[in-house]
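The residues making up each chain are set out below.
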Protein chains: 2
Amino acid sequence: MGSLQPENFSPLDANLFSEESHAIIDFIADYYHDIEQYPVRSQVEPGYLSKRLPDSPPIFSEPIATILEDIKKDIIPGLTHWQSPNFYAYFQANASTAGFLGEMLCSGFNVVGFNWIASPAATELESIVMDWMAKMMKLPASFHFSGGQGGGGVLHGSTCEAVVCTLVAARDRALRRLGHDGITRLVVYTSDQTHFTVKKASKIIGIPTSNFRELPTSWPLDYALTADTVRTAMEADMAQGLVPLYLCATVGTTAVGAVDPLFELGQLAAEYGVWFHIDSAYAGSSAICPEFRHYLDGVELADSISMNPHKWLLTNMDCCCLWIKNPSLLVDSLSTNPEILRNEASDANVVVDYKDWQIALSRRFRAIKLWLVIRRYGVANLMEHIRSDVALAKHFEGLVTMDERFEVVVRRKFSLVCFGLKPKFEACDRTSELNRQLLEAINTSGRAFMTHAVVNGDFVIRFAIGTTLTEKRHVDQTWKLIQSKATDILNT
Amino acid sequence: MGSLQPENFSPLDANLFSEESHAIIDFIADYYHDIEQYPVRSQVEPGYLSKRLPDSPPIFSEPIATILEDIKKDIIPGLTHWQSPNFYAYFQANASTAGFLGEMLCSGFNVVGFNWIASPAATELESIVMDWMAKMMKLPASFHFSGGQGGGGVLHGSTCEAVVCTLVAARDRALRRLGHDGITRLVVYTSDQTHFTVKKASKIIGIPTSNFRELPTSWPLDYALTADTVRTAMEADMAQGLVPLYLCATVGTTAVGAVDPLFELGQLAAEYGVWFHIDSAYAGSSAICPEFRHYLDGVELADSISMNPHKWLLTNMDCCCLWIKNPSLLVDSLSTNPEILRNEASDANVVVDYKDWQIALSRRFRAIKLWLVIRRYGVANLMEHIRSDVALAKHFEGLVTMDERFEVVVRRKFSLVCFGLKPKFEACDRTSELNRQLLEAINTSGRAFMTHAVVNGDFVIRFAIGTTLTEKRHVDQTWKLIQSKATDILNT
């Protein structure tokens, strides 16, 4: 594993491949073994790494052992440990052995399945696994390839990409009617809880920022968007000569895990002829359990729905499922047929060419990863995984409720608990500041990492459960940490 | 490695992680060992896989051994083997051990470095490695973070993403002057050899298709775009009230490896105030060798430049470097500052938050992969890698030239040779058809895979060298295969 020389340079030498790969496996296994030792949120200062690494690349090969030492010494302290059992921030990115194996196969085969012929198995496995996943979530047949109604699914890297692509399809359908000038009249509808990725995507595809609506939600309605609110906004826009284009509903919003009423919104979207997209990036995974599936009721009215197995379904980064009822609208907007990629199967129109379902030409073989996760674990284990996370969240919720200084701020639906110190223990206007201090005290301790949201004007702490290694003992320890930091803060 | 049960489900169990990961390493090592046995271009028929796999997901866990057997039996036959030494199609996606190790670390840590605090090392290593790469390519200091002029680089997944982001930055800069209505007047300039990804990106960001220029190139000028051609087009557009926005030059075009004259085009872009982007996806890697660096002369005039280490610099998929002189224009267009991601370091504006340099929020830790490739191999080996591929291409070119039935159709600059049967052996109008037959005969044999281009109206065969395992003996064998298939075809 020493230095390599140009005169005999063989970067896929089988022996070295095996030797060094096995060494990395051991390194990663050790990392997981030791992960609780590390501060969850990195404690380095901005610019720390440039003080440690040379500012120019090495001319000569360095041994893998040296590099791994440097990773231990210089990189790991700068990581915020998303796989730590005490990571409760954002939404989790839950890794698993099967997800990791799938990434290895993806990277090892290193095929680029932009069209069918460039690796038929990459395309066909993706279509099959998208149907599997659709069946697991009980999506209607109109979203299955095998449903015979023209629908189907594709793997993207992120929700933003899924939203960009569906927005472009919706936009181009509208512009075929309005002419290209119409682009300045198109309006996108979301709630004030919708992920900002939809706003960013709208901006990317050329919708004026002034035509982006973030409609109000409220605590009494659990931060769900109402159809009436959307209708009023659409009517007002149409009265101004604007054209409603796209409505995004969310199942499991980022801030508080809210669920928009899909059925009502879907009916409204149909009435106004707008594209109806459902972003279930986080909570969509829970639909594989019958007891959570009802949150997706109304999905049959959607034009498209996306969810991210890389959040809560044990699939390592990155993996975003997008299903669409009428993929030909995607293809109309995103297809390219350059001579250089022409081939018999594509010309005969008997295959899917996924390059026409996404932004980029190149694409990784993500399907094998999702396929491995589903096969290795099976639906029963995946359901157990979701249920045990929700059970832990319920348990945490119980702990919060039992301490009279605290409250759960928003009704919990999945594995996210939004909580904080109660206003009554301090003047109301100080509560947000106290919760901010509490959160910073927890995170600075290095023993857990959470993030926050501001809802209804209040700063709340988000406790998002879902990291693969999190067990009850971690939740209990973290709750004790929270209580103790709260005591410190309330006593100062 | 058997079936897993829900009552004791532990998907990151350290022992099982090690055991199964080592098994996959051995599986991939065997795959590389046996890779020459497989037909390079998959020989399956459309729909083959749905006949072999169940149409519903398994309820219960399956052993990894069973899954690996199925991969051998069902998936591998459907792969087109991009890592085969006899893969000469498209441009290569060259894997390496270091690239694979980097992907393992990326996937093992599984951090999501959308902003600095979410994993400081992910952000800082990316900035450092982008500076390293910029120095390797001798990009001017205006593109380095350490250059003190505000420039810097980011890792994207694909050229298309890099082009979308720079186009959006250019568009929004122009629209601040023109108003949003101006979007229908903006014009993008490319040559008829430019990768179609630029056309797709332009469409995505809302440029009317009618405002996309694919300007003519020609054989006598080696398919390079001339500044005069662009000037004429811009003047004509401006006379119509249109507004030149973006000019994309290419170093190493996809069809024939052409190089546009960067200096002349850059001067013109400056004169007309348009964004000047350089796409060096494939050939940019060669700039690490002094003898190829001159193709990038004029890069100092560019606003942005992209290149893909996942093509020719031993970095497994995916990895696209984008450097930009004025990243604040990217950030102006792509930044989002939702409350939920607010943190001290970002608020103090002392760190890079890469989410504002790209389309998506989520991002993989690609930097550790590129860093590992550069450190493990060192610049000297990477230069040798480029040089040996170019030497093989020269060797192949020599073989073609020695057989009087064949000709090299376009002057070779890098490791791509465009060749075909000479017209004089048949009536001119039949040559394209013969070359098409020849290519299909080669690919159907399963012993090599090449793709084609049509230039100057002629069908030519592209022989793209760069797959990691390709050695002189493979090129020699493949040439014999080509000769023999040509003999068959010319004798029928």
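Residues numbered from 1 in each chain as written. Chains lettered and ligands numbered in written order. Predicted model: local features only at pLDDT ≥ 70, side-chain atom pairs only at ≥ 80, totals over all residues. Heavy atoms only, no water.

With an unreviewed UniProt entry as reference, chain A is termed Tyrosine decarboxylase, source organism Dioscorea zingiberensis. Quoted verbatim from the Cofactor (unreviewed entry) field of the UniProt record, the comment on chain A reads "pyridoxal 5'-phosphate". Quoted verbatim from the Sequence similarities (unreviewed entry) heading of the UniProt record, the comment on chain A is "Belongs to the group II decarboxylase family." (UniProt positions renumbered as here; feature names shortened; annotations may be inferred.)

> Help me understand the interface of chain B and chain A, please; the structure alone is not making it clear to me.
Interface size is commonly expressed as the accessible surface area that is lost when the partners come together. Taken together, the contacts link 155 residues of chain B with 154 residues of chain A. For the pairing of chain B and chain A, the buried interface totals around 13400 Å² over both sides, and the portion due to carbon and sulfur atoms is 68%. The tally of links from chain B across to chain A stands at eight salt bridges. Of the charged contacts in the structure, one is a salt bridge between glutamate 20 of chain A and arginine 376 of chain B, with a shortest N-O distance of 2.7 Å. Considering every element that reaches the side of chain B that touches chain A, the biggest residue donor is helix H1 (residues 14-34) of chain B, with 14 residues. Its residues assigned to classes, the side of chain B that touches chain A comprises 85 nonpolar, 42 polar and 28 charged. (Contact = heavy atoms within 4.5 Å. Buried area = accessible area lost by both parts, 1.4 Å probe. Salt bridge = Lys/Arg side-chain N within 4 Å of Asp/Glu carboxyl O. Helix = DSSP H or I, 4+ residues; strand = E, 2+ residues; numbered from the N terminus. Nonpolar A, V, L, I, M, F, W, Y, C, P; charged D, E, K, R; others polar.)

> Even after reading the chapter, I still don't get the sheet that holds strand E7 (residues 320-324) of chain B, so can you show me in this structure?
The strands making up a sheet associate through hydrogen bonds between their backbones, and the pairing can be parallel or antiparallel. Residues and elements named next belong to chain B. Reading across the sheet, the seven strands line up as E1-E7-E6-E5-E4-E2-E3 and stay open at both edges, with mixed pairing between neighbours. Strand pairing shows two members of the sheet lacking a second neighbour, strand E1 (152-156) and strand E3 (212-215), which therefore form its edges. For this sheet, the mean inter-axis angle between neighbouring strands, taken without regard to orientation, is 20 degrees. Here helix H4 (residues 120-136) sits on the sheet and contacts E1, strand E6 (304-307) and E7; the angle it forms with E7, its principal contact strand, is near 85 degrees. (Pairing = 2+ DSSP bridges. Axes fitted to C-alpha atoms, helices over the stretch in contact; angles between N-to-C directions.)

> Would you mind going over unusual backbone geometry with me for this structure?
In most cases, non-glycine residues show a negative phi, while peptide bonds are predominantly trans. Residue and element names in this part refer to chain A. The omega torsion across methionine 317 and aspartate 318 is -10 degrees, close enough to zero to call that bond cis. Phi at asparagine 110 takes a positive value of approximately 45 degrees, unusual for a residue other than glycine. Secondary-structure assignment places asparagine 110 in the loop between helix H3 (97-109) and helix H4 (120-136). The exposure class assigned to asparagine 110 is buried, which follows from its relative accessible area of 1%. (Buried < 20%, exposed > 50% of the residue type's maximum accessible area, 1.4 Å probe, protein only.)

> Teacher, can you tell me more about the relation of the copies chain B and chain A here?
Expressed as a screw operation, the relation of chain B to chain A combines 0.0 Å of axial shift with a rotation of 180 degrees, fitting to an RMSD of 0.0 Å. Both copies are brought into coincidence by an operation consistent with a two-fold rotation axis. Relative to the rotation axis, the closest C-alpha in chain B is found at isoleucine 205 of chain B, a distance of 2.1 Å. In this assembly the copies share their binding face: 99% of the residues contributing to the interface of chain B also contribute to that of chain A. (Least-squares fit on C-alpha atoms with pLDDT ≥ 70 in both.)

> I would appreciate a short explanation of the packing of aromatic side chains in the present structure.
One pair of aromatic rings is described through two measures. These are the centre distance and the angle between the planes. A full pass over the atoms with the stated rule returns 54 aromatic pairs over all chains. Taking the centre distance of 5.8 Å and the plane angle of 75 degrees together, the rings of phenylalanine 87 of chain B and phenylalanine 449 of chain B count as edge-to-face. On the criterion of sequence distance, the pair formed by phenylalanine 87 of chain B in the loop between helix H2 (64-75) and helix H3 (97-109) and phenylalanine 449 of chain B in the loop between helix H14 (428-445) and strand E10 (451-455) is long-range, its members being 362 residues apart. An angle of 70 degrees between the planes, with centres 6.5 Å apart, marks the rings of phenylalanine 419 of chain B and tryptophan 479 of chain B as edge-to-face. With phenylalanine 419 of chain B in strand E9 (residues 416-421) and tryptophan 479 of chain B in helix H15 (residues 472-491), this pair connects stretches of sequence that are 60 residues apart. Looking at phenylalanine 419 of chain B, the relative accessible area reads 0%, which means it is buried. Taken together through their ring pairs, the aromatic side chains of Phe17 and Phe109 of chain A together with Tyr31, Tyr32, Tyr38 and Phe100 of chain B make up a single cluster. When the ring centre of phenylalanine 91 of chain B is taken as origin, the NZ or CZ atom of arginine 462 of chain B, which lies over that ring, is 5.0 Å away. (Phe/Tyr/Trp six-rings, centres within 6.5 Å; stacked < 30°, edge-to-face > 60°. Lys NZ or Arg CZ within 6 Å of the ring centre and 35° of its normal.)

> What am I meant to see in the environment of aspartate 55 of chain A here?
Position of aspartate 55 of chain A among the secondary structure elements: in the loop between helix H1 (14-34) and helix H2 (64-75). A residue is classified by how much of its surface remains accessible, and aspartate 55 of chain A, at 57% relative accessible area, is exposed. In sequence terms aspartate 55 of chain A and asparagine 343 of chain A are 288 residues apart; their C-alpha atoms lie 46 Å from each other. With near-sequence residues (within four places) excluded, aspartate 55 of chain A lies in contact with Trp132 and Lys135 of chain B.

> Would you take a moment to explain the domain arrangement of chain A for this structure?
In terms of domain boundaries, chain A breaks down into domain 1 (6-81), domain 2 (111-364) and domain 3 (376-491). Computed from C-alpha coordinates alone, the two centres of domain 1 of chain A and domain 2 of chain A are separated by 38 Å. (Domains from an automatic or database assignment.)

> Explanation requested: the pattern of salt bridges in the structure shown.
Once their charged atoms are close, side chains differing in charge can pair, the charge on each being opposite to the other. Overall, the coordinates contain 64 salt bridges over all chains when judged by the stated rule. Where arginine 176 of chain A meets aspartate 332 of chain A, a salt bridge forms, and the shortest distance between an N and an O atom there is 3.9 Å. Of the two residues, arginine 176 of chain A sits in helix H5 (residues 159-178) while aspartate 332 of chain A sits in helix H11 (residues 327-334), which places them 156 residues apart along the sequence. For aspartate 318 of chain A, the salt bridge is made with arginine 366 of chain A, and the minimal N-O distance between the two is 3.1 Å. You can see aspartate 318 of chain A sitting in the loop between helix H10 (309-312) and strand E7 (320-324) and its partner arginine 366 of chain A sitting in the loop between helix H12 (344-347) and helix H13 (367-402), a full 48 residues away along the chain. Comparing aspartate 318 of chain A with arginine 366 of chain A shows no difference in burial state: the two are buried. Several salt bridges share partner residues, and in doing so they unite Glu103, Asp318, Arg364, Arg366 and Lys369 of chain A together with Glu103, Asp318, Arg364, Arg366 and Lys369 of chain B into one network.

> What is the right way to look at the nonpolar core in this model?
Most often, soluble globular proteins keep nonpolar side chains buried together rather than apart. Ranked by size, the top nonpolar core spans 268 residues in total, and within it Ile71 of chain A together with Ile71 of chain B carry the most contacts. Leave out the neighbours within four places in its chain, and isoleucine 71 of chain B touches Leu105, Phe109, Ile368, Trp371 and Leu372 of chain A together with Phe27, Ile76 and Pro77 of chain B. Counting 73 residues, the second-largest nonpolar core is a separate cluster that includes Leu330 of chain A together with Val168, Ala170 and Ile205 of chain B. (Core = buried A, V, L, I, M, F, W, Y, C linked by side-chain atoms within 4.5 Å.)

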